[in-house]
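# Survey of secondary and tertiary structure
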Amino acid sequence: MGSHDGEANELPPPPPIPPNVVPIKADDAERESPPNKPEKPKRVPMARPGIGKKGQLIQLYSNHFKVSVKSTEDYFFHYYVNLKYEDDRPVEGKGIGRKVIDKLQQTYHSELSNKDFAYDGEKSLFTIGALPQVNNEFTVLLEDVSTGKTAANGSPGGNDSPGGGDRKRVRRPYQTKTFKVELCLAAKVPMSAIGQVLRGEESENSQEVLRVFDIILRQHSAKQGCLLVRQSFFHNNPSNFVDLGGGVMGCRGFHSSFRGTQSGLSLNIDVSTTMIVKPGPVIDFLLSNQKVDHPGRIDWQKAKRALKNLRIKTTPANSEFKIIGLSDRNCKEQMFPLKQRNGGNEDCGTVEITVYDYYLNKKGIKLQYSGDLPCINVGRPKRPTYFPIELCSLVPLQRYTKALSTLQRSSLVEKSRQKPQERMTVLNDALQHSNYDSDPMLRACRISIASNFTQVEGRVLQAPKLKAGNGEDIFPRNGRWNFTNKKLIQTCTVDKWAVVNFSARCDVRNLIRDLIRNASAKGVQIDQPFDVFEESPSMRHALVSRRVGDMFERIKSKLPGAPKFLLCLLPERKNCEVYGPWKRKCLAEFGIVTQCLAPTRVNDPYLLNLLMKINAKLGGMNSLLQIEASPAIPFVSKVPTIILGMDVSHGQPGQSDRPSIAAVVSSRQWPLISKYRASVHTQSPKLEMMSSLFKPQGTEDSGLIRESLIDFYTSSGKRKPDQVIIFRDGVSESQFTQVINIELDQIIEACKFLDDKWSPKFTVVVAQKNHHTKFFQTGSPDNVPPGTVVDNKVCHPRNYDFYMCAHAGMIGTTRPTHYHVLHDEIGFSADDMQELVHSLSYVYQRSTTAISVVAPICYAHLAAAQVGTFLKFEDMSDASSSQGGGHTSVGSIPVPELPRLHEKVRSSMFFC
């Protein structure tokens, strides 16, 4: 949803823009166009050309709930909320806003003519109709803010204590804090803009009106004490928590958002999961977070990072604070100045005392174990306020935002799976319990939400026929097939090869024998390897780069020439540290194809899978589509066509400085659509748009597209592609116009740069996996069958989108892929487009199953991930070159360039 404010009519001049606020944006065209340059009309996502007819009908439910809006004559008035303390300091703390605004509503309800507010907890507040005053300035008194999410003034109990007031309680039974609230009118949003949403017209107002509805729902959840994360909410209900180890818990909640669909406005509700910190004593969290069994073993530097900004409750006062840091010394040694008072309560100077003695002598609390541990600081940097660690407990529902370990991640996935039936039940319950009908703001808008799932008609497309070796056919069933008694369609010969073993426990001789046996059954000839290089035990604990370097020296000294292929055995760990440096050495420095394995359970199916990867990497093909072999793919087989898969992958949370990695995968050897190659570049961290598609430097272009076009030309009998089909992954709806304006323009520029008389036709399709639409069969507890496509009822009212479940969902609930055709000069019909997407889910060479998203996109993920491991163990900070280019973020930092792949492997399927 766009979150910038719409321009409204007949308004007073806008208020001055406070610091840290994004100013209201001018019209897009004004902002984008450089002075005096005639502006090209912007491309917009195309409209749906019709709906598909092919396939067998199937009745489905979807987790969209129909919404009816009765009143649309009104206006939402958008007020900008400015919160200040008495002394005009701006309020920084998060979470305090809702308390202040609630109190404002109670205190001044008659002056505000009893209006309900939709408040986002930050800077935006909406009312239905205007507030009575033009100038809305109020003073609000809040009691005992220190039990809020931030300490009132940094020092909760007055200035004299490490925590807990020593000042006489009689004088101030509680702390009141005075706030000034200004509400400045920012915009008027007509509720009638909901009509635009339902017609699928994008406008500032239509986005804004959906945003207001979403804010109303968020506020409804906030009032019930939920944790809010974007458009999801999480209740403090232990039955929704699963322990992931390391002091982290998975917490199950719900996503909810309003969407315009072909059948009107709908509320999309889905199950959603976030990570929270395990509530309870701080010391318990630290012990499990660091996996140690005694406080003496805690690494306090690590602890400081893990605790920063978390909120705690302290005993005995039961006040709530935010952790700023830890004390420099332990509790028995950490001094602070305590104000002395005589009986008459006059100040008599200060005296230095340790936190430990203060609790013992002034509070009568003998600390059990935290005397020798650092204290928790909840004060301000200049004025610390200390609490002994044993008196502190983490409050519930606090997000854990650091990267999960592999174990935690797999545990989360496993524990948050739900079968379709279970998921439906949970969603039904959520809707009943949410009690939206009682919400005053929803009632004021006269919005009601249906309680049953939307019924949708789907179609199940027939699986494409595949070709194996010797002209044999393969008929996939339920999204799967096998090579039993069949040969691979194009096989490679594996000669001039060796085995490398990095200390994996494994019977290498048996492994080689079984691999050769399985290979010959599938038509692949594997010679005996030259040699098996075992890592010497002394190298086992050396630096990774040394281990890899040493192995290569030994290979060079023993082998007669460069090997064509190396099979590499890794120690029994999934993401082994040798992997990245090994791949980098093989692919970038020497141009050697390599296949890694971590041999834990090696059986024939495992070896067949390994063989399929090796065959694809060395230039073979495992199977082809029948329509590709015969060639009979509509549009694609008649005219030279290149298929591109594009994706940008970002570092995990907690690795924000890692460069993002952009990959472009392109088809080769037309009329095939099963053979691909990849080019990969780094770009600025978090940059979603691809910045290296076209990078002219004089007469050269070092962009990703040029390489793909030249490879297509040389591998397809010197034919230029006259059609370019682009599959783009990983962009949200708000970025669609950038994809078809900025990115597509760069691709066109790259084509013109190669040959300015050549103008191919372009089709651009975006694939999304992280959305929240799910489908359920009406008469069956099973997942929807593979090949299910939906392009009615819950799709976009105007744009050309459809949902496809190409794969068989084995565990949990199938997540459909949401495809959006943004631009199509080739002119596919709805059926032809859906058939092409379905077929491209069957050309993935690494498995004998249909996959959930088209192969070129999967390959782009794989290529980005594999080449990304080249960087993993480098020092990220010594950026060697600026690789930004194009539309990067302001002041984008230079990012380290990736080493180029060796030309011997550059056009191979190394990523398979």
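Residues numbered from 1 in each chain as written. Predicted model: local features only at pLDDT ≥ 70, side-chain atom pairs only at ≥ 80, totals over all residues. Heavy atoms only, no water.

With 14 residues, helix H14 (residues 604–617) should reach 20 Å at 1.5 Å per residue; the first-to-last C-alpha distance of 20 Å fits that figure. Of all the residues in H14, the buried ones are Leu607, Leu610, Leu611, Met612, Lys613, Ile614, Asn615, Ala616 and Lys617. If you follow the buried residues of H14, they end up packed against strand S24 (493–494), helix H11 (508–521), strand S26 (525–526), strand S28 (565–569), helix H13 (579–590) and strand S29 (593–597). Near the N-terminus of H14, the side chain that reaches the backbone nitrogen of Tyr606, with its oxygen 3.1 Å away, is that of Asn603. Looking one or two residues beyond H14, the residue adopting positive phi is Gly619, at roughly 100°. (Helix = DSSP H or I, 4+ residues; strand = E, 2+ residues; numbered from the N terminus. Expected span 1.5 Å × (residues − 1). Buried < 20%, exposed > 50% of the residue type's maximum accessible area, 1.4 Å probe, protein only. Contact = heavy atoms within 4.5 Å. Polar contact = N/O pair within 3.5 Å; in protein donor to acceptor, adjacent residues only side chain to side chain.)

This next bit is on the packing of aromatic side chains. What the rule picks out here adds up to 24 aromatic pairs. Relative to Tyr358, the ring of Phe336 lies with its centre 5.5 Å away and its plane at 75°, an arrangement referred to as edge-to-face. Of this pair, Phe336 sits in strand S16 (residues 335–341) while Tyr358 sits in helix H7 (residues 355–362); the two residues are 22 residues apart in sequence, bridging distant segments of the chain. Exposure class is identical for Phe336 and Tyr358. Each is buried. These aromatic residues form a ring-pair network of at least three members: Tyr676, Tyr844, Tyr859, Phe910 and Phe911. Note that Lys188 overlies the ring of Tyr75, its terminal NZ or CZ placed 4.5 Å from the centroid. One Lys or Arg, Lys332, reaches over the ring of Tyr356 and ends 5.1 Å from the middle of that ring. (Phe/Tyr/Trp six-rings, centres within 6.5 Å; stacked < 30°, edge-to-face > 60°. Lys NZ or Arg CZ within 6 Å of the ring centre and 35° of its normal.)

One pass over the full model with this rule turns up 35 salt bridges. Residue Glu320 pairs with Lys313 through a salt bridge whose shortest N-O separation is 3.5 Å. Classification of Glu320 as buried rests on a relative accessible area of 9%. Put simply, Lys467 and Asp473 hold a salt bridge, and the shortest N to O gap is 2.6 Å. Given the relative accessible area of 18%, Lys467 is considered buried. With relative accessibility at 27%, the residue Asp473 sits in the partly exposed group. Beyond isolated ion pairs, a larger network of salt bridges with shared partners links Arg668, Arg677, Glu707, Asp711 and Arg900. (Salt bridge = Lys/Arg side-chain N within 4 Å of Asp/Glu carboxyl O.)

On to the nonpolar core, then. The tendency in soluble globular proteins is for nonpolar side chains to be buried side by side. Membership of the largest hydrophobic core comes to 88 residues, with the highest contact counts inside it found for Ile526, Leu567, Phe727, Tyr819, Leu840 and Tyr859. For this core, the leading source of residues is helix H19 (residues 855–868), giving 8 residues. Core analysis: the next-biggest nonpolar cluster, separate from the first, contains 42 residues, Phe285, Phe387, Ile389 and Tyr400 among them. (Core = buried A, V, L, I, M, F, W, Y, C linked by side-chain atoms within 4.5 Å.)

A word on the side chain of Thr773. Assignment of secondary structure puts Thr773 in the loop between strand S37 (761–768) and strand S38 (775–777). The exposure class assigned to Thr773 is buried, which follows from its relative accessible area of 1%. Within the structure, Thr773 has its side chain in polar contact with the side chain of Tyr803 (distance 3.1 Å). If near-sequence neighbours (up to four positions away) are discounted, Thr773 is found in contact with Ser62, Asn63, His64, Asn268, Tyr803 and Pro816.

Once that is clear, we can look at the sheet that holds strand S30 (residues 624–625). Strand order in this open sheet of 3 strands is S23-S22-S30, and the pairing throughout is antiparallel. Lying at the two open borders of the sheet, with one neighbouring strand each, are strand S23 (473–474) and S30. Summarising the sheet, strand S22 (residues 466–467) and S30 pair through 2 bridges and their orientation is antiparallel. From the neighbouring strand, Lys467 faces S30, where its bridge partner is Leu624. (Pairing = 2+ DSSP bridges.)

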